[in-house]
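Close look at the chain arrangement
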Amino acid sequence: MTRIFKRRLANGIFITLCTLSTIIALGMLALILRSLIVNGIGGLHLSVFTLDQPSPGATGGLRNAIIGSVLMCFIAMIIAVILGILAGTWLSEYGGNSRYGSLVHFLNDVLLSVPSILVGLFIYEIMVRPFHGFSGLAGSVALALLAMPIVTRTTEDMLQLQPDTLREAGVGLGASQGFVIRSIIWKAAAPGLLTGGLLGFARISGETAPLLFTALGKQFMTLNITEPMGSLPTTIFQFAMSAYDDWRSLAWVGALLIAMAVLTINIVGRVIAEGKGK
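What comes next is a walk through the structure.

Procedures and definitions
Residues numbered from 1 in each chain as written. Predicted model: local features only at pLDDT ≥ 70, side-chain atom pairs only at ≥ 80, totals over all residues. Heavy atoms only, no water. 1 Å grid on protein atoms, 1.4 Å probe; cavity = no way out; pocket = protein on both sides within 12 Å on 5 of 7 lines; lining within 4 Å. Points joined across faces, edges and corners; volume = space filled by probe spheres on them. Helix = DSSP H or I, 4+ residues; strand = E, 2+ residues; numbered from the N terminus. Nonpolar A, V, L, I, M, F, W, Y, C, P; charged D, E, K, R; others polar. Axes fitted to C-alpha atoms, helices over the stretch in contact; angles between N-to-C directions. Parallel < 35°, antiparallel > 145°, perpendicular 65-115°, else oblique. Contact = heavy atoms within 4.5 Å. Phe/Tyr/Trp six-rings, centres within 6.5 Å; stacked < 30°, edge-to-face > 60°. Buried < 20%, exposed > 50% of the residue type's maximum accessible area, 1.4 Å probe, protein only. Salt bridge = Lys/Arg side-chain N within 4 Å of Asp/Glu carboxyl O. Core = buried A, V, L, I, M, F, W, Y, C linked by side-chain atoms within 4.5 Å.

Attention now goes to the layout of surface pockets. The calculated volume of the largest pocket comes to roughly 250 Å³. Along its surface, the largest pocket is lined by Phe49, Ile66, Ser69, Val70, Cys73, Phe201, Ser205, Leu232, Leu257, Ile258, Ala261 and Val262. If you list the elements that add at least two residues to the lining of the largest pocket, you get helix H3 (63-95) and helix H12 (245-277). When the residues that make up the lining of the largest pocket are grouped by side-chain class, the tally is 10 nonpolar, 2 polar and no charged. Space inside the second largest pocket adds up to approximately 190 Å³. Put simply, the parts of the chain that give the lining of the second largest pocket at least two residues each are H3, helix H4 (99-113) and helix H6 (136-160).

Structure representation (structure tokens):
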């Protein structure tokens, strides 16, 4: 009885700690969302989406920062998804067990945990300093380097979860390995690949440090990715640290927009993934 009691006690303590940790995490998330809504909802007007960032005391919005963020994240995710899926596929289906594959694994793990400011500094040295100018393209590449290892790891894990019978069936019908991967394995793993892309987007959507070293920021809207480009994270950083109430109000609005965008994209992605999984 003593041994059974100890096991039940240990199990009860473990479940209690897990439940408590979950409650604390959800509580912190609720507090963050509450602070964003309370401080940001009051400044959310149409002018936020139609006007560029203002000078102190002037009327303005975040149009240039919103468009800059969307453009840079869009380019970054194209680069990250293409390279990440290809790299993850190679690790899963071709060379994951080779020495070169082990090296790629190691480098990908390093990129997963590298501080974002180091990525920004690296891109500054190879894309900003040699050309004597900041640019939205440099910012996109920096963000892509942060998202790519997440997509790579997720792709590899999702493909390895697919049963070997799918591969054997395709090869048995005379299809090449590449055709089987493209037409069968990728389609079967599509919900997981979508999740990897969403995780990558969530990783880069609020990054500030890399963009300070690469895109820098710009007060007016531009679609030219070879020029400095504004973004929501850098604008939030600039406005939140200012002494002007109107700038700080816009910083809260920008933070709310980022949070709602990430939340919405994740919800839509989950719905699409579940629909494909049925």
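Their axes nearest at 4 Å, the elements helix H8 (residues 177-188) and helix H9 (residues 190-204) cross at an angle of 70°. As summarised for this structure, H8 and H9 are arranged roughly perpendicular, according to the angle between their axes. Only Ala190, Pro191 and Leu193 of H9 make contact with H8, whose side of the interface consists of Trp186, Lys187 and Ala188. Looking at the contact of H8 with H9, its residues break down into 5 nonpolar, no polar and 1 charged.

Moving on, we get to the packing of aromatic side chains. Summed over all chains, the structure comprises 5 aromatic pairs. With 5.4 Å between their ring centres and 75° between their planes, Trp90 and Tyr100 make a pair best called edge-to-face. Here Trp90, found in helix H3, pairs with Tyr100, found in helix H4; they are 10 residues apart in sequence, far enough to count as distant. Trp90 gets classed as partly exposed once you look at its relative accessible area, which sits at 28%. A centroid spacing of 5.5 Å and a plane angle of 70° characterise the contact between Tyr244 and Trp247, whose relative ring orientation is edge-to-face. Taken together, Tyr124, Phe134 and Phe213 form an aromatic cluster joined through their ring pairs.

This next bit is on the pattern of salt bridges. Taken as a whole, this structure holds 8 salt bridges when the rule is applied. In this structure, Asp52 and Arg63 form a salt bridge, with 3.0 Å as the shortest nitrogen-oxygen distance. You can see Asp52 sitting in the loop between helix H2 (47-50) and H3 and its partner Arg63 sitting in helix H3, a full 11 residues away along the chain. On the accessibility criterion, Asp52 (18% relative accessible area) is buried.

What follows deals with the environment of Thr208. Here Thr208 lies in the loop between H9 and helix H10 (209-213). Separated by 24 residues in sequence, Thr208 and Leu232 place their C-alpha atoms 8.6 Å apart. Those residues within four positions of Thr208 in sequence are excluded, and the remaining contacts are Pro233, Thr234 and Phe237.

To continue, consider the nonpolar core. In this structure, Val48, Leu62, Leu143, Ile204, Leu232 and Leu257 are the most contacted members of the largest nonpolar core, which totals 35 residues. Breaking this core down by element, the ones donating at least two residues are H3, helix H5 (116-128), H6, H9, helix H11 (232-240) and H12. Sequence-distant contacts of Leu143, defined by excluding residues within four places in its chain, comprise Met72, Cys73, Ala76, Ile204, Glu207 and Leu211. Listed in part, the 5 residues of the second largest apolar core include Leu159, Ile185, Ala189 and Leu193.

This part covers unusual backbone geometry. Phi angles above zero are rare outside glycine, and His132 is one such case at about 55°. Among the secondary structure elements, His132 is positioned in the loop between H5 and H6. One non-glycine residue, Leu216, lies in positive phi territory at about 70°. Note that Leu216 resides in the loop between H10 and H11. Classification of Leu216 as partly exposed rests on a relative accessible area of 39%.

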